[in-house]
Every structure is written in C-alpha cells, then in structure tokens.
Amino acid sequence: VHHTRTIGKTLNRARTYEQFLYYHVLIRADELVWDGHPIFQPVLIQHASPDEFVRYGRNLEMVVLAAPRERLLEDATALCGARDEPIHLASGDLGIPSAAAREFRDALLEVARRARRSPSILLDARHLEALGRRIEQSLVEFLVERIGARDAGPPPPGTRRNTVRHAQHYLHDAGSRRVTVAELCRAVGVSRRTLEYA
C-alpha cells in the first residue's frame, strides 16, 4: 500500500506488472488526467492488465494498492464456484461504486487516515495484520462481485447435508489453524453461496 501526496503539478509514467492487481483511490486532486482522459469524480481506478500508463495531476493525494493477482483471483473464483471461461477485469475508472467497492475503498482510505494520524501504528504488527485482513477480505468480496456468482438456487437437502459434513471434517482436521471461507469452498468444492445455503 502506498500513500502519495504531491504539491503542484506532477507527471508520472508507471508500468504495471502481470503478477499484481493495482487499485488507486483518490483522496483529493485539483485535476487528474489518466492516459489522456480527464477524470472528474474518480472513485476507484483498477489496473487489471500489465501495461504502462501516464498520470497527470495537480495537488494530488491518493492511496495505491498492489495486490497478488493469482491468489486473490483464486480465492474469488473459489467463492463464486467453478467457471469455464477466463476472468477478464476491466482497467480504468470504475465509476459509481457498489457496496463492495465502497467497503474496499474505505478500507484503503482507513490505512491512509491512520498512518497520517499516527505513523507509529505501521510499526505495530497487530495493527498491520488487522488492516491487512480488512483490505484482503474487502478486495476479495469486491472481486467476487465483479466476477459474479453463478448459482441458480439452493442445492437439494441431501447435497446440503454432504456439504456441511465435508466442511465440518475439513475444519476439524485444520484444528486451530485459521481457515478462510475461500479455502473452505475450494476444499469442499462448492461456491460460497452453496456453502451458505447448506
């Protein structure tokens, strides 16, 4: 996570890399031009493919997140259920955000607010772990929404019982180890919605 603040005019050329998903959340800017396109009310900017971009800003403040692409998409796909087609995420200004996008944006802004108020929290492992969990969870929820769950409806009772039994066995075998919902979905072989129905 990077918190950037500039004074006056800036011109930035940056390359993004395939192994990461990049998200930019604008806190303030007198002016912002992204790859030649003016952005007047940016909410959340997503870079989902490796490329180079040029950003021009005036009195700019933003939070930028580089997140591990493969693991996050695996988690999101596990929560959505099996997919036949590849996942394509758009790049650019995502416009008016959904509830999941707002939660993700707010999690990133909270990091910036806390760091500005008390920089020492960034040296506290407990605070960092809690902030990291919130960012990761909200980003996966956001990706799940972008990919889309594809369950038609509740599974039949026999399937629900089997799903619960498999989930219980997996959690029992895990002992005190923390198990994410995405990991549990992968282990049982169902989507989050199917697991919740069960």
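Our subject is the structure listed above.
All figures in this text were calculated on a predicted structure; none of them were measured in a lab.

(A) Expanded view of the sheet that holds strand β5 (residues 37–38). Pairing within the open sheet is antiparallel, and its 4 strands lie in the order β2-β7-β4-β5. Each end of this open sheet is capped by a strand with a single partner; those strands are β2 (9–15) and β5. Relative to strand β7 (residues 52–58), strand β4 (residues 31–34) runs antiparallel, the two being bridged by 4 bridges. From the neighbouring strand, leucine 32 faces β7, where its bridge partner is glycine 57.

(B) Geometry of the packing of helix α2 (residues 99–117) against helix α3 (residues 125–147). Interaxial distance between α2 and α3 falls to 8 Å at its minimum, and their mutual angle equals 160°. By the angle between their directions, the pair α2 and α3 is classed as roughly antiparallel. You can see that α2 and α3 cross each other, and the crossing is left-handed. Here Ala100, Ala101, Glu103, Phe104, Asp106, Ala107, Leu108, Glu110, Val111 and Arg114 of α2 lie close against α3, whose contacting residues are His127, Leu131, Arg134, Ile135, Ser138, Leu139, Glu141, Phe142 and Glu145. Counted by class, the contact of α2 with α3 contains 10 nonpolar, 2 polar and 7 charged residues.

(C) Up close: the nonpolar core. Residues Tyr23, Leu44, Phe104, Leu139, Phe142 and Leu143 are the most contacted members of the largest nonpolar core, which totals 41 residues. Elements represented by at least two residues in this core include exactly β3 (20–28), β8 (61–68), α1 (69–80), α2, α3 and α5 (181–188). Membership of the second largest hydrophobic core comes to 9 residues, among which are Leu26, Ile45, Met62 and Val64.

Cut-offs used in this document
Residues numbered from 1 in each chain as written. Predicted model: local features only at pLDDT ≥ 70, side-chain atom pairs only at ≥ 80, totals over all residues. Heavy atoms only, no water. Pairing = 2+ DSSP bridges. Helix = DSSP H or I, 4+ residues; strand = E, 2+ residues; numbered from the N terminus. Axes fitted to C-alpha atoms, helices over the stretch in contact; angles between N-to-C directions. Parallel < 35°, antiparallel > 145°, perpendicular 65-115°, else oblique. Left-handed = near helix turned anticlockwise from the far one by under 90°. Contact = heavy atoms within 4.5 Å. Nonpolar A, V, L, I, M, F, W, Y, C, P; charged D, E, K, R; others polar. Core = buried A, V, L, I, M, F, W, Y, C linked by side-chain atoms within 4.5 Å. Buried < 20%, exposed > 50% of the residue type's maximum accessible area, 1.4 Å probe, protein only.

By themselves, these are just geometric observations and shouldn't be taken as functional.
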